[in-house]
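One-letter residues, chain by chain:
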Amino acid sequence: MLPLKDDNPTVRTPWVTIVFIVINVLVFVGPQGMADPQNTEEDFTLEFAAVPCEVVTGEGLTDLEIRELYIGGDDTACDADPVGAPRFPNKPERLAVIFSMFMHGGWLHLLGNIWFLWLFGNNVEDHLGKLRYIVFYLAGGIVATLAHIAVQPDSIVPVVGASGAVAATMGAYAVWFPNAPIRTFIFIVLWNIKAKWWLGFWLVSQFFIGADSQVAWMAHVGGFVFGALVAMFVRQSPAARERVFSAPYQFDGTGRTWDSTGGAGAGPYATPKRLL
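Rules used throughout
Residues numbered from 1 in each chain as written. Predicted model: local features only at pLDDT ≥ 70, side-chain atom pairs only at ≥ 80, totals over all residues. Heavy atoms only, no water. Core = buried A, V, L, I, M, F, W, Y, C linked by side-chain atoms within 4.5 Å. Buried < 20%, exposed > 50% of the residue type's maximum accessible area, 1.4 Å probe, protein only. Helix = DSSP H or I, 4+ residues; strand = E, 2+ residues; numbered from the N terminus. Contact = heavy atoms within 4.5 Å. Disulfide = S-S within 2.5 Å. Salt bridge = Lys/Arg side-chain N within 4 Å of Asp/Glu carboxyl O. Expected span 1.5 Å × (residues − 1). Arc of directions from axis to C-beta. Pairing = 2+ DSSP bridges. Axes fitted to C-alpha atoms, helices over the stretch in contact; angles between N-to-C directions.

Turning our eyes to something else, we now look at the nonpolar core. Counting residues in hydrophobic clusters, the biggest one holds 51 residues, and the most contacted among them are Phe120, Met170, Trp176, Trp198 and Leu199. Residue assignment for this core shows that the elements contributing at least two residues are α1 (15–32), α6 (107–128), α7 (130–151), α8 (163–176), α9 (195–206) and α10 (217–236). If you tally residues by element for this core, the top one is α8, at ten residues. Trp198 has contacts with Met1, Pro3, Phe116, Phe120, Met170, Ile182, Thr184 and Ile193, leaving out every residue within four places of it along the chain. In this structure, Leu46, Leu69, Cys78 and Phe88 belong to the second largest nonpolar core, which totals ten residues.

Using the criterion set out here, one finds one disulfide in the structure. Disulfide partner of Cys53: Cys78, at an S-S distance of 2.0 Å. Of note, the bridge from Cys53 to Cys78 carries an S-S torsion of about 80° and is right-handed in sense. Of this pair, Cys53 sits in helix α3 (residues 52–57) while Cys78 sits in the loop between α4 (63–70) and α5 (96–99), and the two are 25 residues apart along the sequence. Using a relative accessible area of 2% as the deciding quantity, one classes Cys53 as buried.

Moving on to the pattern of salt bridges. Two side chains bearing opposite charge may form a pair once their charged atoms approach each other closely. The full count for this structure, using the stated rule, is five salt bridges. The shortest N-O distance in the salt bridge between Arg12 and Asp126 comes to 3.3 Å. Here the residue Arg12 occupies a position in the loop between β1 (2–6) and α1, and Asp126 occupies one in helix α6, the gap between them amounting to 114 residues. Residue classification places Arg12 among the partly exposed residues on the basis of a relative accessible area of 32%. By relative accessible area, which is 4% here, Asp126 ends up buried. Two residues, Lys91 and Glu54, come together in a salt bridge whose shortest N-O distance is 2.6 Å. Separated by 37 residues along the polypeptide, Lys91 in the loop between α4 and α5 and Glu54 in helix α3 bring together distant segments of the chain. The burial state of Lys91 is the same as that of Glu54; both residues are buried.

Between its first and last C-alpha, α9 extends 17 Å over twelve residues, near the 16 Å set by a 1.5 Å rise per residue. Buried residues of α9: Ala195, Trp198, Leu199, Trp202, Leu203 and Gln206, and no others. Buried positions in α9, seen along its axis, are confined to an arc of 130° and lie on one side of it. In α9, the exposed positions that point more than 90 degrees away from the buried face belong to Trp197 and Phe201. Packed against the buried residues of α9 are β1, α6, α8, β2 (181–186), β3 (189–194) and α10.

The next point concerns the sheet that holds β2. Pairing is antiparallel across the open sheet formed by three strands, whose spatial order is β1-β2-β3. Sheet topology places β1 and β3 at the edges, where each strand pairs with a single neighbour. Strand after strand, the sheet turns through a mean of 30° between neighbouring axes, direction not considered. As defined by bridge partners, β2 adjoins β3 across six bridges and the pair is classed as antiparallel. Looking at the pairing, Ile182 lines up with Ile193 of β3.

One can find Asp63 in helix α4. Each C-alpha atom of the pair Asp63 and Phe88 lies 9.5 Å from the other, and the pair is 25 residues apart in sequence. With sequence-adjacent residues up to four places away left out, Asp63 is seen in contact with Ala85 and Arg87.

Below you can see the structure in the form of structure tokens.
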């Protein structure tokens, strides 16, 4: 099931979303892509990415613990070397939670995240405005990473990817534009599917990701729930809408109702249908 685009126009160019996409690509093809896959690639990731064990303890991984991960295959060797010196003594273990949002584990990981960010993030940015969107995006990524750490606090596997922050934009999109049509390829047929069904299916699918997949599915769920809760509060509170939404989307007291299609149509969108 491949989403192609949403019929949910924006008023302004989503420059922040574009900048986030560019940063993700540059980090991946730059410092990550130029690293020596025989040695320094692991070092770069471990030096800058968030590691649950490090975030919890505030102490960096030692050479012995890193060998346990990459040679011994033990991804929970958090206290294997309590007296050893960290390989990267100057690493800001908790600030790395933010760095991780702009690193990825492969081309498919990167392309999937930036595509979903463009698809859903542009409308969220359009409604929030640039500064509030930056805060929302980073907060969503932090909450998502903490959700992953909460269920795997002893893990020494680096957490990389924009997935958690992107999932936060998806959660907000699901609440603000539940009936916006998402043009989606299902097998070889192009369908219009309401956002609430598409995003709901995506959320449920996260609970069926295999334990050995190395996918931080709880980060996806945590980010999505965070975004949905923030969006729900804003949608239900007129005062919050006035303070949070940018000027074109503020309710001016004239009785204008919420368009759950995001403005793509007048009122609720029709039932999903095939496109010729």
